[in-house]
Amino acid sequence: MTIVLDVAADGDQPVLCLRPWLLWDMPDLLAATADEYPNNGLGSHPDLAYLFQKRWSGPRDAVEAELWLSGQKRGWEHGDWLTFAVTDVSQGMAVGHVGLWNRDGGQVGSGEQGEIGYWMAADSRGRGIAPAAVRAVTGWAFDHFGADRLPRIMLVHDLDNPASCRVAAKSSYPFERLSPANPPLWFTDGHIHVADAP
């Protein structure tokens, strides 16, 4: 399944195209993460965990980028890790990432709640790209799977990340509750925002 989501420009937010990651996106991704590596990196398909001593979330170099990309492709093939490169059409480059997975494991749209995550390159923040991309993936997911198969999607972030709280609100994910730290699964308190299927 190849999904392409086009998002019209809106104010400072440029025209966006969201699509599965491709090999030619890796230089853009590596350049962006070299400037500011995401906290805990960018997640990859859980099947790749055996390659690393701890939960790896790369990529940091060309070898890791190839492994990371294979995880993104595997997720689409299995239907359990649906990730999108967020591309700025005017620049012709990937500027961010949005991923959707089943919160409790298994395929997305299997009747359980989903979880969405995102990351934007530092120089693409503050332009409305993250909320637009999250809204686009959320809308596609609810339309594609329907309320019976995907009743709700969670957006979870660390408590000390007020920017993600703003993205959640602008993406129509209202705050639902506090999520206390639960080592070794997660080590910091967080917020859980939830969007319910229409």
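Scope of this entry: the structure provided in the associated data block.

Each value, and the rule that gives it
Residues numbered from 1 in each chain as written. Predicted model: local features only at pLDDT ≥ 70, side-chain atom pairs only at ≥ 80, totals over all residues. Heavy atoms only, no water. Helix = DSSP H or I, 4+ residues; strand = E, 2+ residues; numbered from the N terminus. Buried < 20%, exposed > 50% of the residue type's maximum accessible area, 1.4 Å probe, protein only. Contact = heavy atoms within 4.5 Å. Areas by Shrake-Rupley, 256 points an atom, 1.4 Å probe, with all protein chains shown as cover. Pairing = 2+ DSSP bridges. Core = buried A, V, L, I, M, F, W, Y, C linked by side-chain atoms within 4.5 Å. Axes fitted to C-alpha atoms, helices over the stretch in contact; angles between N-to-C directions. Patch = residues over 30% accessible without salt bridge, like charges linked within 9 Å, V, L, I, M, F, W, Y side chains within 5 Å. Salt bridge = Lys/Arg side-chain N within 4 Å of Asp/Glu carboxyl O.

Here we take up the overall build of the protein chain. Within the protein chain, the secondary structure is distributed over 4 helices and 8 strands. Counting over 198 residues, the protein chain shows a buried share of 48%. Counted over contacts in the protein chain with a minimum sequence separation of 6, partners at least 24 positions apart contribute 56%. Taken as a whole, the protein chain presents about 10,000 Å² of accessible surface, with 53% of it coming from carbon and sulfur.

Take the pairing of strand 3 (residues 82–88) next. Of all the 7 residues making up strand 3, 7 are buried; the element is thus mostly covered by neighbouring parts of the structure. Of the two faces of strand 3, the one holding Leu82, Phe84, Val86 and Asp88 and the one holding Thr83, Ala85 and Thr87 are both buried throughout. Direction of pairing for strand 2 (residues 16–19) relative to strand 3: antiparallel, over a ladder of 4 bridges. Pairing of leucine 18 across the sheet is with valine 86, part of strand 3.

You can see valine 7 is positioned in strand 1 (residues 5–7). Judged by relative accessible area, valine 7 falls into the buried class, the value being 14%. When sequence neighbours within four positions are dropped, the list of residues in contact with valine 7 reads Gln13, Pro14, Val15, Leu16, Leu18, Ala132 and Ala136.

Before going further, it helps to examine the nonpolar core. Membership of the largest hydrophobic core comes to 34 residues, with the highest contact counts inside it found for Leu18, Val86, Leu100, Ile116 and Trp140. Secondary structure elements with two or more residues in this core: strand 1, strand 2, strand 3, strand 4 (93–102), strand 5 (114–120), helix 3 (129–149), strand 6 (152–158) and helix 4 (162–170). For this core, the element with the highest residue contribution is helix 3, accounting for 11 residues. Setting aside anything within four residues of it in sequence, one finds isoleucine 116 in contact with Val98, Gly99, Leu100, Trp101, Val134, Val137, Thr138, Ile153, Met154, Leu155 and Tyr173. Counting 12 residues, the second-largest nonpolar core is a separate cluster that includes Leu29, Ala65, Trp119 and Ala121.

Spatially, 1-2-3-4-5-6-8-7 is the arrangement adopted by the 8 strands of the open sheet, whose pairing is mixed. Looking at strand neighbours, the two that pair on one side only are strand 1 and strand 7 (175–179), the edges of this open sheet. The average angle at which neighbouring strand axes cross in this sheet is 25°, direction not considered. Inspection of the sheet shows strand 1 paired to strand 2 by 3 bridges, in the antiparallel sense. Note that in strand 2 the partner of aspartate 6 across the bridge is cysteine 17. Lying over the sheet, helix 2 (residues 62–78) contacts strand 3 and strand 4, oriented at roughly 120° with respect to strand 3.

Attention now goes to a nonpolar patch on the surface. On the surface, Leu159, Phe175 and Leu178 cluster together into a nonpolar patch covering about 280 Å² of accessible area. Locating phenylalanine 175 in the fold gives a position in strand 7. When its relative accessible area of 46% is taken as the criterion, phenylalanine 175 is described as partly exposed.

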